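Chain residues, written in single-letter form:
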Amino acid sequence: PAAAVAHLRRHLGPDARALLHSLEPGQYVGPEDRRTLVAGINHALAEQAYLHLDAFAGLDLPEHVIVRLNDVDNLTERQRLTLARDLLERSLPGIIRPGPAGSGVLLLGADYDPFITGSLIGGHDGDETLTPRDLPWAAWWPVIRLWIFAALLMGLAGLLMILVVHPQWAHRELMAYPTVAFLEEATRRSGRAWLPDLTRSQLFWIAFLAVAAIHGLNGLHQWHDWVPQIERQFDFNPLRQLFPNASRVPDSWGVFHPAIFFSAVGFGFFINTRISFSLGVSAVLWLVLGAILLRSGTSLTNSPWNIGNNGNALRFGAYAGLTLMILYFGRHYYLHVVGRAAGLAKPSPDVPAYAVWALRGLVLCTLAIVYLLAAYASLSPLLAVMLIACVLMVFLVQARLNAETGLFYAQPMWFPSVILAGLLGVQGIGPESLIILGFASLVFMADPRESIGPYIVNALRLGERMGKASPARLAPILIVVSVVGLAVAFTVTLTIQYNRGFRPDDGWAEMLPRLTLDYVSSAINELHARGELGDTVNMSAMDHLRNARPDAGVVGWALLGLALVWICAVARLRVPWWPIHPVLFVVWGTYPMTHFAFSFFLAAMFKWAVITIGGERAYHHIKPFAVGLIAAELLSILAFSAAGTIYYFTTGLHPPLFRILPG
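Computed from a predicted model, the values in this text were never measured in an experiment.

**Remarks on unusual backbone geometry**
Turning to step 1, where the next piece is worked out: Positive phi values are uncommon outside glycine, yet leucine 108 reaches one of about 55°.
Turning to step 2, where the next piece is worked out: Within the secondary structure, leucine 108 is located in the loop between α5 (77-91) and α6 (118-122).
Turning to step 3, where the next piece is worked out: Of the residues examined, leucine 108 reaches a relative accessible area of 34% and is grouped as partly exposed.
Turning to step 4, where the next piece is worked out: Unlike most non-glycine residues, tyrosine 177 shows phi in positive territory, near 45°.
Turning to step 5, where the next piece is worked out: Following the sequence through the fold, tyrosine 177 ends up in the loop between α7 (137-172) and α8 (178-187).
Turning to step 6, where the next piece is worked out: Among the residues examined, tyrosine 177 registers a relative accessible area of 0% and is labelled buried.

If you want it as structure tokens, here you go:
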């Protein structure tokens, strides 16, 4: 409509108006001129005078837009900008691309409200304590509908996926399940004895009392300087002078300043010696790789939030390789499950009914997540499926790590949104989709060391071996616990948040969203500088593929990680003496393994020596000693946590910081 277009021209910035006067009909508008026009349009949208009802009289405006135009003075700045953008799209149909659809990505659309967002950040100002009933649930509903429901469905999808793979892992591949083995060893009782059998072992008490004494003295040292401290760390830093390139590799401190974690030594005793050895040498081999690359003029980058980092891509490729290996080794079983779930195969005793229904539920959960992300976050189904595949791959591999190695602290150290940006290129994803992928990655796996997979794996195996409860019987209980647990946790967390506000000392919670927005901002600036920002807005699934420009480095390093896993897997099958397990390439360079590698190496050497000298009988005789190491460390953690809690509620002061395991 001419009136609306003329109204827009009057409110453009001076540079944009001058440019329009100089252009000929049909003349090509280059990147610089387009940036000038966009800046002029943004100038018009920011002016409240642009929102004048009479100027848009020629448009067929819906009632809610007219109501807002008549109440412009009472709108917030963000509401005015949203309304102005809507009117611009209606004034220039087909010329201005529509904004992303949906709602709930951010609370109140990132608008500020003194109570809804102000109290959430800084805490409630009133004297009364807010209860869950007092919280602004209506304002939170769009966020809950999108992110909480999507997170719940993702957790259920992970649970159902583990139900599918459990028969293969537990009864065909005969995974070790070291956590379950430890619990069996620690709780085994003869007859009507009150205490476990291992409490009658001198080796158990030697290990238990020694570790408890070490942690007890070290913990008391944090409270009282006069209590002696027993060092658990070794200082090999003088060796840095001999290996200058290795010293410059990220996380080299794990090799030059290692620490002993007794629980890792204990768990390492329950797993295959070659797996313990592989975990133990992972930190050293990471340094070797980094030093070789530095010598050739390439650095080994390792931050999960930087697009194009080779360390991230290398581990992503290893995760993909291990996932393919899992599927390949169980291909006959998995194909039969798929056939049963699709109604194309006959029932078989090798495929339990619960696995079939779990696969169907997994598909439904995936479709529901895709719908939520597409309908309320405007993410294309293609990117949603790729994101879900990455998250489920992390859940699967971490569950496998725990079932096979007992590794109780693992992180992938790669971020789905960052990896997808490397595989498709920023041009292939677009700014809005990259933001949504970043937020979704945070919601689904901000810190996947606590992913659902390992918990479910051990619960199912523990139920079978100690509780005599089948997975079919446990599955409904686990689903109910997951749903109720998330609902209670979210409600309690939100209630505390509104009463107390954010913790100023929680740097991790502050850092995660900031780093996500930092790399998104960097990507947007890159697109803007190349004049490609407008072409990457509001893309369809085919546009993502058409505009894809994969980062050659990311693709190459990912393929290398995949190849290393498969070469190592084939070597283990064909070469009897091969000492390395593919798990090495999944965990090397990660924060947890930088801490624990030395302890797993000690466990491998300890177990190798015991079996070499005393054989299998000596190994079983030494087991109570390993259990004592684990039990003492876990009970020490509980004891000092309880002491700190009592101290805080008694005095109102924070207790001295004492960490037994890395944070």
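**What about a nonpolar patch on the surface?**
Turning to step 1, where the next piece is worked out: A contiguous nonpolar patch, built from Ile479, Val480, Val483, Val484, Val488, Val492 and Ile496 and spanning about 540 Å² of accessible area, is present on the exposed surface.
Turning to step 2, where the next piece is worked out: With respect to the helices and strands, the residue isoleucine 496 is situated in helix α22 (residues 471-500).

**Details of the packing of helix α9 (residues 202-223) against helix α27 (residues 591-651)**
Turning to step 1, where the next piece is worked out: Across the interface, α9 lies against α27 with an axial gap of 7 Å and an inter-helix angle of 30°. Comparing their axes, α27 and α9 come out roughly parallel. In this structure, α9 meets α27 at a crossing whose hand is right-handed.
Turning to step 2, where the next piece is worked out: Of the residues in the contact of α9 with α27, the class split is 19 nonpolar, six polar and one charged.

**What about the packing of aromatic side chains?**
Turning to step 1, where the next piece is worked out: Here the structure, examined in full by the defined rule, presents 32 aromatic pairs.
Turning to step 2, where the next piece is worked out: Pairing tryptophan 286 with tryptophan 588 gives two aromatic rings, centres 5.6 Å apart and planes at 70°, and the pair type is edge-to-face. Residue tryptophan 286 is located in helix α13 (residues 273-295), and its partner tryptophan 588 is located in the loop between α26 (583-587) and α27; the two are separated by 302 residues in the primary sequence. An identical accessibility class is assigned to tryptophan 286 and tryptophan 588; each is buried.
Turning to step 3, where the next piece is worked out: Following the ring pairs from residue to residue traces out a cluster consisting of Trp253, Phe261, Tyr409, Tyr591 and Phe596.
Turning to step 4, where the next piece is worked out: One Lys or Arg, arginine 331, reaches over the ring of tyrosine 328 and ends 4.1 Å from the middle of that ring.
Turning to step 5, where the next piece is worked out: Residue placement shows arginine 360 over the ring face of tryptophan 357; its charged tip is 4.5 Å from the ring centre.

**Brief notes about the packing of α8 against helix α21 (residues 452-465)**
Turning to step 1, where the next piece is worked out: Axis separation between α8 and α21 bottoms out at 9 Å; the angle between their running directions is 40°. Considering their axes alone, α8 and α21 lie oblique with respect to each other. When you trace α8 past α21, the crossing you get is right-handed. Together, Thr179, Val180, Leu183 and Glu184 of α8 and Asn458, Arg461, Leu462 and Arg465 of α21 make up the contact between the two elements.

**Remarks on the pattern of salt bridges**
Turning to step 1, where the next piece is worked out: Summed over the entire model, instances satisfying the criterion amount to nine salt bridges.
Turning to step 2, where the next piece is worked out: The residue aspartate 86 makes a salt bridge to arginine 90 at a minimum N-O spacing of 3.1 Å. Highlighted residues: aspartate 86 and arginine 90, both in helix α5, separated by four residues, approximately one helical turn.
Turning to step 3, where the next piece is worked out: When its relative accessible area of 31% is taken as the criterion, arginine 90 is described as partly exposed.
Turning to step 4, where the next piece is worked out: The closest approach of N and O atoms between glutamate 185 and arginine 188, which form a salt bridge, is 3.2 Å.
Turning to step 5, where the next piece is worked out: Assessed through its relative accessible area of 14%, glutamate 185 is described here as buried.
Turning to step 6, where the next piece is worked out: Of the residues examined, arginine 188 reaches a relative accessible area of 42% and is grouped as partly exposed.

**A few points about the nonpolar core**
As a rule of thumb, nonpolar side chains are buried together in soluble globular proteins.
Turning to step 1, where the next piece is worked out: Core analysis: the biggest nonpolar cluster contains 145 residues, and Trp140, Trp169, Phe444 and Tyr498 have the highest contact counts within it.
Turning to step 2, where the next piece is worked out: The greatest single-element share of this core, amounting to 21 residues, is contributed by α7.
Turning to step 3, where the next piece is worked out: In this structure tyrosine 498 touches Leu107, Phe115, Ile116, Ser119, Leu120, Gly123, His124, Leu130, Leu135, Pro136 and Trp140, once residues within four positions along its chain are discounted.
Turning to step 4, where the next piece is worked out: Formed by 26 residues, the second largest nonpolar core is a distinct cluster that contains Leu51, Val72, Leu83 and Leu87.

**Some points on the side chain of arginine 145**
Turning to step 1, where the next piece is worked out: Looking at the element boundaries, arginine 145 is found in helix α7.
Turning to step 2, where the next piece is worked out: A relative accessible area of 18% means that arginine 145 is categorised as buried.
Turning to step 3, where the next piece is worked out: Excluding anything up to four places from it in sequence, arginine 145 contacts Ser103, Leu372 and Tyr376.

**Section: helix α25 (residues 552-574)**
Since the α-helix packs 3.6 residues into each turn, any two residues three or four apart lie on the same face.
Turning to step 1, where the next piece is worked out: Helix length check: α25 (23 residues) gives 32 Å between terminal C-alpha atoms against 33 Å at 1.5 Å per residue, within 8%.
Turning to step 2, where the next piece is worked out: Listed as buried for α25 are Val554, Trp557, Ala558, Gly561, Val565, Cys568, Ala569 and Ala571.
Turning to step 3, where the next piece is worked out: Where α25 is buried, its residues touch α13, α14 (310-329), α18 (416-424) and α26.
Turning to step 4, where the next piece is worked out: Where α25 starts, the residue carrying a side-chain oxygen 2.8 Å from the main-chain nitrogen of glycine 553 turns out to be aspartate 551.

The rules we used
- Residues numbered from 1 in each chain as written.
- Predicted model: local features only at pLDDT ≥ 70, side-chain atom pairs only at ≥ 80, totals over all residues.
- Heavy atoms only, no water.
- Helix = DSSP H or I, 4+ residues; strand = E, 2+ residues; numbered from the N terminus.
- Buried < 20%, exposed > 50% of the residue type's maximum accessible area, 1.4 Å probe, protein only.
- Patch = residues over 30% accessible without salt bridge, like charges linked within 9 Å, V, L, I, M, F, W, Y side chains within 5 Å.
- Areas by Shrake-Rupley, 256 points an atom, 1.4 Å probe, with all protein chains shown as cover.
- Salt bridge = Lys/Arg side-chain N within 4 Å of Asp/Glu carboxyl O.
- Axes fitted to C-alpha atoms, helices over the stretch in contact; angles between N-to-C directions.
- Parallel < 35°, antiparallel > 145°, perpendicular 65-115°, else oblique.
- Left-handed = near helix turned anticlockwise from the far one by under 90°.
- Nonpolar A, V, L, I, M, F, W, Y, C, P; charged D, E, K, R; others polar.
- Phe/Tyr/Trp six-rings, centres within 6.5 Å; stacked < 30°, edge-to-face > 60°.
- Lys NZ or Arg CZ within 6 Å of the ring centre and 35° of its normal.
- Contact = heavy atoms within 4.5 Å.
- Core = buried A, V, L, I, M, F, W, Y, C linked by side-chain atoms within 4.5 Å.
- Expected span 1.5 Å × (residues − 1).
- Polar contact = N/O pair within 3.5 Å; in protein donor to acceptor, adjacent residues only side chain to side chain.

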